[in-house]
Amino acid sequence: MRNKKYYLYVDSQERTLLLQSLVELKNVLIQQGRYTDCFNEFIFRVKKAPVKKVKVDKETSECMI
């Protein structure tokens with residue numbers, strides 16, 4: 001069975017908040033002596049994700065790609 005892909009559209013502030021939260025969670029795991037490999041990979045993926053301009057219709061709040 002093939003893995004399903006999910007796409008997440010965030011603005012620059014949400015992206016910054018997401019990265020900060022992931023780093024904080026990683027730091028908590030380090031303090032607990034647990035592995036952080038999956039968080040490292042996820043942080044790199046979020047950081048390297050391409051930026052795509054999306055129009056948002058303010059009346060209906062829908063994204064138009």
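Residues numbered from 1 in each chain as written. Predicted model: local features only at pLDDT ≥ 70, side-chain atom pairs only at ≥ 80, totals over all residues. Heavy atoms only, no water.

1. With respect to the packing of helix α1 (residues 12-31) against helix α2 (residues 37-48)
Following both chains from N to C, one finds α1 and α2 inclined at 165 degrees, their axes separated by 10 Å at the closest point. Here α1 lies roughly antiparallel to α2, going by the angle between them. At the point where α1 passes α2, the crossing takes the left-handed sense. In contact with Arg15, Leu18, Leu19, Leu22, Val23, Leu25, Lys26 and Leu29 of α1, α2 contributes Phe39, Asn40, Phe42, Ile43, Val46, Lys47 and Lys48. Of the residues that constitute the contact of α1 with α2, the class distribution is 10 nonpolar, 1 polar and 4 charged. (Axes fitted to C-alpha atoms, helices over the stretch in contact; angles between N-to-C directions. Helix = DSSP H or I, 4+ residues; strand = E, 2+ residues; numbered from the N terminus. Parallel < 35°, antiparallel > 145°, perpendicular 65-115°, else oblique. Left-handed = near helix turned anticlockwise from the far one by under 90°. Contact = heavy atoms within 4.5 Å. Nonpolar A, V, L, I, M, F, W, Y, C, P; charged D, E, K, R; others polar.)

2. Some words on the pattern of salt bridges
Within this structure, the stated rule accounts for 1 salt bridge. Two residues, Glu41 and Arg45, come together in a salt bridge whose shortest N-O distance is 3.0 Å. Of this pair, Glu41 and Arg45 both sit in helix α2, 4 residues apart, which is roughly one turn of the helix. Taking the relative accessible area as the measure of exposure, Glu41 reaches 45% and is therefore partly exposed. (Salt bridge = Lys/Arg side-chain N within 4 Å of Asp/Glu carboxyl O. Buried < 20%, exposed > 50% of the residue type's maximum accessible area, 1.4 Å probe, protein only.)

3. Overview of the nonpolar core
In terms of nonpolar packing, the biggest core is built from 6 residues, these being Leu19, Leu22, Leu29, Phe39, Ile43 and Val46. Among the elements of the structure, α1 and α2 are those that each provide at least two residues to this core. What Leu22 contacts, discounting residues up to four positions off in sequence, is Phe39, Phe42, Ile43 and Val46. (Core = buried A, V, L, I, M, F, W, Y, C linked by side-chain atoms within 4.5 Å.)

4. Focus on α1
If you check α1, its first and last C-alpha atoms are 29 Å apart, about what 20 residues at 1.5 Å a residue would give, namely 28 Å. Taken together, the buried positions of α1 are occupied by Leu19, Leu22 and Leu29. Buried residues in α1, looked at end-on, bunch into an arc of 85 degrees, giving them a common side. Structural note: α1 exposes Gln13, Leu17, Glu24 and Gln31 on the side pointing more than 90 degrees away from its buried face. The first or second residue beyond α1 is Gly33, which carries a positive phi of 80 degrees. (Expected span 1.5 Å × (residues − 1). Arc of directions from axis to C-beta.)

5. Here we look at the confidence of the model for the protein chain
With 83% of its residues at a pLDDT of 70 or more, the protein chain has an overall mean of 84. Within the protein chain, α1 carries the highest mean pLDDT (93), whereas strand β2 (residues 62-64) carries the lowest (57). (pLDDT = per-residue confidence, 0-100.)

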